[in-house]
Amino acid sequence: MNRARRSDPLAAYNRKRDFAKTAEPAGKVGRRRAKSRIFMVQKHDATRLHFDFRLELEGTLKSWAVTRGPSLDPADNRLSVRTEDHPLSYATFEGTIPKGEYGGGTVMLWDRGNWEPAPGKDPVKSLAEGHLHFTLHGERMKGEWVMFRLKPRGKERNENWILKKVDDDHAGSSTGLTDTFLTSVETGRTMNEIAEGAPRRKVAPRSARRGAAIAGERRRAGPPKFREPQKATLVDHVPAGTGWLHEMKYDGYRCLLAVGGGGETRIYTRGGLDWTDRFPEIAEAARALSGPALLDGEIVALDEEGRTSFGALQQAIGEGGRGLALFLFDALEIDGEDMTKRPTAERKARLAALLDGATPPILYAEHIVGKGERLLDAMCKAGQEGIVSKKADAPYRAGRTRAWLKIKCTNRQEFVIVGWTASDKPGRRLRNLLLAVNDAGGLRYAGKVGTGFTDAEQEDLAGRLAKLASGRPTVAAPRSETRGARWVKPELVAEIAFASMTGSGILRHASFIGLRGDKPAREVVAERPQPLDAAAAPADEVKISNAGRMLFPKARVTKGDLAAYYRAIGPVMLPWIASRPVSLVRCPQGRAKKCFFQKHDSGSFGPHVRHIPIVEKDGEAEDYLYIEDIAGIIACVQMGTIEFHGWGARTDDVERPDRIIFDLDPDAGLDFAAVRKAAKDIRRQLADMGLTTFPMLTGGKGVHVIAPLTPGAKWPEVKDFCRRFAFALAEAEPDRFTANLKKAERKGRIFVDYLRNQRGATAIIPYSARARDGAPVAAPINWDELDDHDSGHSFGVRDLARLLERAGGRGLEGWGIAAQVLPNL
């Protein structure tokens, strides 16, 4: 076999195929290239669905069948079976191999690009030794990967390898690739469309495809106008509890990125200046984002260890603004929709979806829920500036608020330069800069700084200060501090680090960091850490009466325990429940007593639970309940609520759903293995229609298969699609499925409940508790772990710590988020 490969590496490929019957290209060895080697991945529905991974080397495509497809999670080991070498001409093959022929089935060109081996490594030698380390530059697979050969067991004829993602900036969740990308990179077709011979479509970059569902109005819209950003209040320590999201505090220039519907971009400073031309690479990269959008972030310079440096940022701007990165951490507007009234947790989820697939210099700013002290400690040890803590359920408000708090590792802030003194040392222009801040009486002297300048900065400062010279003192200051001072107009702003500040507001041990051109001198005020008082605590002010009442006797969960669960899980639950009409399952005396549904309110829930009028079938409007923050959730718990069920549409457009759900409800005698298989089969069939789906354990007997939608289709269209899909399943496999609501029809089958996809119907909200024995909860999972569960109620209220850890982990990264529209079938 090895001799045949050396003499004719494509002999096995040609021997296995009848080219009179298959459209696959005949094998010819191509020209060997040392650089710009190609790679591609072909999704192949043969005897078993798999992904064929191919790397160009020595004039052929070295090939592996990756049984479950590639994963972005570095913890996942993907079995990859080595197959025969393929010709380079196979790189563009897409179509159907006839049944009965070798590899018979549909082939999709799923990814393509170039690859390069690890520096200093000979890939031919590495392949022979059984270990490959390489970087991919594909449309979908990016960054560093490794492959290694497993030792053969018994009489195995094939080489078994492992494909594994390296933990880098392109790493992600196990469901971030094959579940998200369902169409051909070449023709835009699904597997079904390829099998049916559907015509090829012109394929735009993925970022442009994401925006295809947006109305023409939005596509023509220019970049949104500048809006005043939200600012953080400096406090003395980190707020506690899971009601806060914590992010790294970036050492750079705050900015708002405005993206128009046609890709035109603007970069505004925090004061509203247009600095687009100073950051050309970032502005160009942002053109690929779907607009209109107005996004909040920080432009930084990163060193080799990933640390941000303000000095390096200034140098980079002076050299043309290249090599910088933009970390985006909030969204004021997405797809023309105002996001500012939505809670922080939901805004960040929507931002993450918008940036899905984005690459440097555009980056998503990660956060953690709770554990802020741990993050601050890590940032300080790494030499970073500190962290920003944000209330998970707070709206976005312009100006300085206590919903955003900043906690610094070191003392540093902006000061106005009001004068300078010359140095008497050779080769040094400046001895000190005189500094001031604004207060109620105007400018107040704040001390001086004489260290931290480079030679180049001194020359630059001397030139700038000379142009601002003033004949009289700019600010009142002690004579001992200002001997030999040369006063200047108060226009330049400097970033200064310092050890402490005296009681009278004078700096001690100050050091110059750099000039700031993004903040006007009139806005510079002294910042002193404020105590973290009750206003910053995560309390929702809702009192829980009868906290000791036992709601779940067997699980020993009281009303107070349930309220504590919802307070803690609130930040990760908010994106799914906020601003969505809800129905409640209330059990005032506990789950074993009388429970009832409630969707209207006469006012008894209090101010934290909102109302929206919705027109009923009879033409009359009724007030439905909805929630905007954690306080609203807790107010419902106070009124005896255990379960939260939500509409499939939001309050801002109740007539256009933003998701569809297929609830798989098994007959009592069926094993959960049948539910798992049914969910995976439905996932595959919806994927063939172009829909990405996500599984959720319902906390009961079954599983929800959820497909997010970009709102567009109205309820009648959505219901009709879901009804036809469910009945098609039942007709194709009547022994397994039924779409009939009657109990008598369900014996030995799984009821595919499509009725949750009609106006007014609801489904259990992710992370909601269930009024069932054991206090279970509805828990999002990913497709790879579905087989690890033996029931739909694997998680409960007592698993709070585990649920929070999972929610922030890579396995659920991007769960429930996809930009897609209802298939036109």
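Above: the structure in question.
This report concerns the structure included in the present document. It should be emphasised that the depicted structure is a prediction, and the values quoted were computed from it without experimental measurement. Here the residue numbers are simple positions, counted from 1 along each chain's written sequence. Owing to the predicted nature of the model, reporting of local features is limited to residues with pLDDT of at least 70; listing and counting of side-chain atom pairs is limited to 80 or more, with chain, interface and lining totals taken over all residues. Side-chain metrics in this entry use all non-hydrogen atoms of the structure; hydrogen atoms and water are not considered.

1. Observations regarding the overall build of the protein chain
The numbering of helices and of strands both runs from the N terminus, where a helix is a DSSP run of H or I of at least 4 residues and a strand a run of E of at least 2. Looking only at helices and strands, the protein chain features 16 helices and 42 strands. Seen through its principal axes, the protein chain has C-alpha atoms that stretch 95 × 80 × 50 Å. In the protein chain, which comprises 825 residues, the proportion classed as buried is 53%. When contacts within the protein chain are restricted to residue pairs at least 6 apart in sequence, long-range pairs at least 24 apart make up 69% of them. Per-residue and other accessible areas were derived by the Shrake-Rupley procedure at a 1.4 Å probe size, with only the shown protein chains allowed to occlude residues. Carbon and sulfur atoms provide 49% of the accessible area of the protein chain, an area that totals close to 36,500 Å². Positive residues here are Lys and Arg, negative ones are Asp and Glu, while His and the chain termini are left out of the count. Where a charge lies is defined by one atom per residue type: Lys uses NZ, Arg uses CZ, Asp uses CG and Glu uses CD. In the protein chain, 129 side chains carry a positive charge and 108 a negative one; their mean positions are 1 Å apart. Any residue under 20% of the maximum accessible area for its type is buried, any over 50% is exposed, and the rest in between are partly exposed; the area is computed with a 1.4 Å probe on protein chains only. We call two residues in contact whenever any of their non-hydrogen atoms come within 4.5 Å of each other.

2. As for the packing of aromatic side chains
In this analysis, rings of Phe, Tyr and Trp, with Trp reduced to its six-membered ring, are considered paired at centre separations within 6.5 Å, and the interplanar angle assigns stacked below 30 degrees, edge-to-face beyond 60, and tilted for intermediate values. Taken as a whole and assessed by the stated rule, the structure comprises 27 aromatic pairs. Judged by centre distance (6.0 Å) and plane angle (80 degrees), the rings of Trp115 and Phe134 are edge-to-face. You can see Trp115 sitting in strand β6 (residues 105-117) and its partner Phe134 sitting in strand β7 (residues 131-138), a full 19 residues away along the chain. Exposure class is identical for Trp115 and Phe134. Each is buried.

3. As for the sheet that holds strand β19 (residues 386-391)
In spatial order, the strands read β10-β20-β19-β11-β18; together these five strands make up an open sheet with mixed pairing. The two strands at the open ends of the sheet, each matched to only one other strand, are β10 (230-234) and β18 (368-369). Summarising the sheet, β19 and strand β20 (residues 399-408) pair through five bridges and their orientation is antiparallel. Bridge pairing links Val388 to Lys406 in β20. Where helix α9 (residues 344-354) meets the sheet, its contacts fall on β11 (244-248), β19 and β20, and the angle it forms with β11 comes to roughly 50 degrees. One bridge is not enough; two strands pair if DSSP finds at least two bridges between them. Angular values range over 0 to 180 degrees, each being the angle between N-to-C directions of two axes fitted as lines to C-alpha atoms, with helices fitted over their stretch in contact.

4. Regarding the nonpolar core
What tends to happen in soluble globular proteins is that the nonpolar side chains get buried as a cluster. Ranked by internal contacts, the top residues of the largest apolar core, which has 84 residues, are Tyr566, Met573, Ile577, Phe644, Ile660, Leu664 and Tyr767. Top element by residues in this core is helix α12 (residues 559-577). It accounts for 10 residues. Sequence-distant contacts of Ile577, defined by excluding residues within four places in its chain, comprise Val582, Ile627, Ile633, Phe644 and Ile765. Core analysis: the next-biggest nonpolar cluster, separate from the first, contains 34 residues, Phe415, Leu430, Leu465 and Ala494 among them. Only buried residues count toward a nonpolar core, which is a set of Ala, Val, Leu, Ile, Met, Phe, Trp, Tyr and Cys residues joined through side-chain atoms within 4.5 Å.

5. Brief notes about the pattern of salt bridges
Each salt bridge in this description consists of a side-chain nitrogen of Lys or Arg and a carboxyl oxygen of Asp or Glu lying within 4 Å of one another. Under the definition given, this model contains 63 salt bridges. With a closest N to O distance of 3.1 Å, Asp377 and Lys381 form a salt bridge. Placement of the pair is Asp377 and Lys381 together in helix α10 (residues 372-381), with a separation of four residues, close to one helical turn. For Asp377, a relative accessible area of 38% corresponds to the partly exposed category. We classify Lys381 as exposed; its relative accessible area is 68%. Among the ionic pairs, Glu733 bridges to Arg736, the shortest N-O distance being 3.0 Å. One salt-bridge network, held together by shared partners, links Lys249, Asp251, Arg270, Glu385, Arg412, Glu414, Glu495, Arg516, Asp518 and Lys519.

6. Quick look at the pairing of strand β40 (residues 750-753)
What you see with β40 is no split at all: Ile750 and Val752 on one side and Phe751 and Asp753 on the other are buried throughout. Sheet topology places strand β36 (residues 659-666) next to β40; four bridges connect them, and they run antiparallel. Across the sheet, the residue bridging to Asp663 is Asp753, located in β40. As defined by bridge partners, strand β39 (residues 737-738) adjoins β40 across two bridges and the pair is classed as parallel. Each bridged residue has a counterpart across the sheet, and for Phe737 the counterpart in β40 is Ile750.

7. Thoughts on the sheet that holds strand β42 (residues 779-780)
Overall, mixed pairing links the six strands, which are arranged β39-β40-β36-β38-β37-β42 in an open sheet. Every other strand in the sheet has two partners, leaving β39 and β42 as the edge strands with one partner each. With two bridges connecting them, strand β37 (residues 694-697) and β42 associate as antiparallel partners. In the sheet register, Leu697 faces β42, and the bridge partner there is Ala779.

8. Details of the state of the cysteines
Here, two cysteine sulfur atoms that lie within 2.5 Å of each other are counted as a disulfide. All told, the structure shown has two disulfides when counted by the stated rule. There is a disulfide in this structure between Cys380 and Cys409, and the S-S distance comes to 2.0 Å. Disulfide Cys380-Cys409: torsion about the S-S bond near -90 degrees, hence left-handed. Linking Cys380 in helix α10 with Cys409 in the loop between β20 and β21 (411-422), this pair joins segments that are 29 residues apart in sequence. Judged by its relative accessible area of 33%, Cys380 is partly exposed. Under the relative-accessibility criterion, Cys409 is labelled partly exposed at 26%. Each sulfur of the disulfide joining Cys587 and Cys595 lies 2.1 Å from the other. One disulfide, between Cys587 and Cys595, carries an S-S torsion of 120 degrees and so falls in the right-handed class. Overall, the relative accessible area of 31% leaves Cys595 in the partly exposed class. Each bonded cysteine in the protein chain gets a number by its place in the sequence, and the pairs come out as 1-2, 3-4. No disulfide involves Cys636; its sulfur sits 13 Å from the nearest other cysteine sulfur, which is in Cys587. Given a relative accessible area of 1%, Cys636 falls into the buried group.

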